[in-house]
Structure formats: structure tokens, C-alpha cells
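Spelled out, the chains give:
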Amino acid sequence: MTDNQTEKQKVQELTDKDVELTMMDAQKEIDALQDSETEINKSQEQHEASDARKAAQLLHGSMDKYGIYQLKKNPELDKFRFEGTESLKRMGITKYNFDTIVPENYEQVYMGELSEFRGRTQGETLGAIYTKFNIDHPADYKAHSLSVSDIVVLHENRENSAHFVDTFGFTGLPQFLHELEEKAEDLTVTFTVAECGEFHDIGAYYEDIPTIEDAIRIYRKLDPARLNGVPAIGVNLHVEGTDCLEDDQVDLLTGKTIDVDFLNYMPDVRDHPSVQDAIKKLVEAFPEKEVNDRETKEQKIQALAGELDRLSYDMDPYEYGDTVSDQEAQVQRIAEDIRNGNIGHLQNFLQTSIEEGTDENSEQRAKELLAKLAEYKPLAKIEEMEEQNYNMIDNVLNNGVEKFNRKEDKQKLQQGRTSLKERLCTKQCEVSEKQVRDPQDQNKVKKNSREM
């Protein structure tokens, strides 16, 4: 072989090696891009799952709430940010039905309770929320001040509505709300039963159970002789279209304990109405189990105190204004009474509201609140030992059999009672008379001033 041929062979070998290295580098880049795409898709699925959980928590919860939505931090959405509906129309982005304003472009940045805005019309509530999130941000609010292009979603009296923060006022978004409700419905709640809650592969494991009642029936049929672990009933939240590995799964009942406190670390799961209902039914089905729900109980007490305060205001706003100077302090006083079991006066107020309510809505609310108060009865056990008549165990000590049995006692009590309607009417008359007198007094002052 000549030197020239040898040289050509070396060049060819080097060229082949370079090509091979180039192909390897290209494959590495392709693999890296695929891994990056996988991570992006996984992140998007997680965001979608979180969005669905938050939407369900807001739209299907038992409490009146509001949610604030803002455009996602996507450069492609910057041209829409802080633009009103008229501007979007001019840009050809939206039509008159605003169907291009979609939940996929928005994320929920805050959720709060509507109790602090009680006694207002929907328009007044929206205005109060706008003011609060511009000049008095809550401590846990981390987004920008409520601005044009943001959306406020209200869940009030079991009704939902969506409102676009426009250049002037708010614009309703029924299509946005419809799609948001569909997103919330993409969240599927099922239940699990395990012979061993810690290691599901030890013993029988049942999943995709549609209702908590079915889960309880399966749990009761577990053979104690087979149990090598601690049996459990759990809940699983799955968002349609996402990998099952991304599901939220947690045990509600484990061994001898119903651990609600642990759920406080998973608020998206805890606050879902189906989970709340499941906890309630588990407590009813297994009264012998220990219930750990200190934080949840406090949340329920605060919510109940807020509802009682709101009913008090709605029943007689004039008297409320005359007697309550600090609404927040009033709610905390009510909460303290509930916490300590001092609920007699609250029950009396609700009973009076039922008997003499100004409308059917207030009467129904009073009945519901009276039922909620029923679980706070610390005197029941003491009564069993101290009550003069065992038949009178009703959360009032020594209220003898003769109490309220005689007609004259009832009559005396009723003679000194003024109905809520009468008190409200009297207060309205006083306000009207004051409004009439004020202009007259002002005229007198002006007349005297001229004479001087």
C-alpha cells in the first residue's frame, strides 16, 4: 500500500469517526429535548390537575367564597394583560360573547370567604373586593393588585358567577364560568379500602370504589383473621387526562383513628365537598373511632360564628348597627361561646328567628344553623348525672318537668316579648323620622344664622 493510499485511509477513518460523534451528539440533543418535553408535559398536567381541584373547591364548596383569576405568566398572553373588553374587540381577539376568554389562559391566584362582604348586593360585593385587593391586600395574597383583565368568580348561595374586571366596572362571563365548571367536573373522587393501609400490596386492596357507603360496606366485610396490618379507608382524586401517578390519595380512616388533622396538609383534598361528606359519614358510621380534627373543628367554629353574625345583621341591621361596633370582634366572641359550649343564648336567638323571622329565607337559615349548633353540647353528659328528670336531658341543667308546662308561664313570657318584625318596623320609623327632622333642623340653623 502506497503512502498516498494510507493517508486517504486515515482521512476516511477520521471522517467516519467525526460523523459517528456528530450523530451521537445529535441523539443526545434529541434525547434531552424529549426529556425536556416530557417534563413540560408533566408540569402542565400537574397545573391542570391543580386548577381542576381549585375550581371544584371554589364552585362546589358548602361555604360562600370568591376566587381571583389572573392571566398565566406566559409571554404569548402579555398582549391581553391589562386590556379591557373594548380593546380586545378592537384587536379582533374577542367578540360580543367573549368566548375567547377561557380558563386555560388563567390561573387561580387567591380564594377567600364572602362572609366579610355580607349584606351587600352582588355589584357592591364586587366593588368591595376590587377595593380590598388594591389598597388592603390580605397578608397571604402574593399576586398583583386586582386589575383590568383579571376575573372574579363568586360562589354565593350555591350559585356561581364570573366577572371580568373591565375598564369601567365588571363584565359577566357566562361562557368562562361554563368551561370552569366543566373543568371542576373533570375531577373524579373515588375511595379505597386496604387490609394494610401502610403497604397496600399486603393483603386485599380495593380501589375505584364509587361511594363512601360502598367503601364502608367493604371495610366491614374484611376478615379480621387475615389482617396482618392496619386496615384503612382512603380517598383518591383523579383529574381526567392526567397520569394516575399524579393522583392525590390519602387514608381517611386508619385503624382506630379518623385523622382529619392530617388532611389540613392537603387543602385541595380536604375542602372538596365529596371528601367533607365522606368524613361526616365515617364519623357517623364508626362512633367508636377516635377523631383527630382539632384544626378542622376550629375552622368550622369560625365559619359557624360568621354565619350567625351574618344572620343577626340580616335579621335586624338597625339594631346590629346600634349594638355592634367591631364586627370582627363580635364574630370572635360568638366563636369563643361556641368553643366553650356556651350556646344557650345562640339557640334562643335562632329559635326566635324561626318563630318570628322576617322571611322564609331567614327562617330556613336559622333552622340550618340550629342544626349545626346541635353538635356543641358539652352539658349532655353532666345532665345524665345531675338532671332532676332524665327525660329532660336537653343541654339545660335542672330545668324541671314543670318548666314551660303551665299556660300562665308561657303567657307571661310572651307578654314581654316584642317580635323581630315589630322591632324592625319601629327602628325603620325612627330612622325615617330622623331623616325628616334633619332638614328641618338645618333650615332652623340657616334661619338663625341669617338673623344674626
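These numbers were taken from a predicted model, which means no experiment stands behind them.

## Focus: the sheet that holds strand E2 (residues 106-113)
By definition, the strands of a sheet pair up through backbone hydrogen bonds, in either a parallel or an antiparallel sense.
Then step 1. With respect to topology, five strands assemble into an open sheet ordered E2-E1-E3-E4-E5, the strand pairing being antiparallel. Edge positions in the sheet fall to E2 and strand E5 (170-172), since each of these pairs with one other strand and no more. Each strand axis lies, on average, 25 degrees off the axis of its neighbour in the sheet, ignoring direction.
Then step 2. With six bridges joining them, strand E3 (residues 151-156) and strand E4 (residues 159-165) adopt antiparallel strand pairing. In the sheet register, Val153 faces E4, and the bridge partner there is Ala162.
Then step 3. The sheet strands contacting helix H3 (residues 122-135) are strand E1 (65-71), E2, E3, E4 and E5, and the helix crosses E3 at an angle near 130 degrees.
Then step 4. On the sheet, helix H4 (residues 174-185) packs against E1, E2, E3, E4 and E5 and is oriented at approximately 125 degrees with respect to E4.

## Thoughts on the environment of Ala285
Then step 1. Here Ala285 lies in helix H7 (residues 273-285).
Then step 2. Judged by its relative accessible area of 22%, Ala285 is partly exposed.
Then step 3. Remark: the alpha-carbon pair of Ala285 and Glu213, spanning 72 residues in sequence, is separated by 9.3 Å.
Then step 4. Those residues in contact with Ala285 that sit more than four places away from it in its chain are Ile216 and Arg220.

## Some remarks on the packing of aromatic side chains
Then step 1. Taken as a whole and assessed by the stated rule, the structure comprises 11 aromatic pairs.
Then step 2. Where Tyr66 meets Phe133, the ring centres are 5.9 Å apart and the plane angle is 75 degrees; that geometry is what we call edge-to-face. Remark: Phe133 occurs in helix H3 and Tyr66 occurs in strand E1; sequence separation between them is 67 residues. Residues Tyr66 and Phe133 agree in their burial class; the two are buried.
Then step 3. Relative to Phe286, the ring of Tyr219 lies with its centre 5.4 Å away and its plane at 80 degrees, an arrangement referred to as edge-to-face. Residue Tyr219 is found in helix H5 (residues 212-220), and its partner Phe286 is found in the loop between H7 and strand E11 (290-292); the two are separated by 67 residues along the sequence. As far as the burial class goes, Tyr219 and Phe286 line up, both buried.
Then step 4. Cluster of aromatic residues (ring-pair linked, three or more members): Tyr66, Tyr110, Phe117, Phe133 and Tyr141.

The rules behind the values
- Residues numbered from 1 in each chain as written.
- Predicted model: local features only at pLDDT ≥ 70, side-chain atom pairs only at ≥ 80, totals over all residues.
- Heavy atoms only, no water.
- Pairing = 2+ DSSP bridges.
- Helix = DSSP H or I, 4+ residues; strand = E, 2+ residues; numbered from the N terminus.
- Axes fitted to C-alpha atoms, helices over the stretch in contact; angles between N-to-C directions.
- Contact = heavy atoms within 4.5 Å.
- Buried < 20%, exposed > 50% of the residue type's maximum accessible area, 1.4 Å probe, protein only.
- Phe/Tyr/Trp six-rings, centres within 6.5 Å; stacked < 30°, edge-to-face > 60°.

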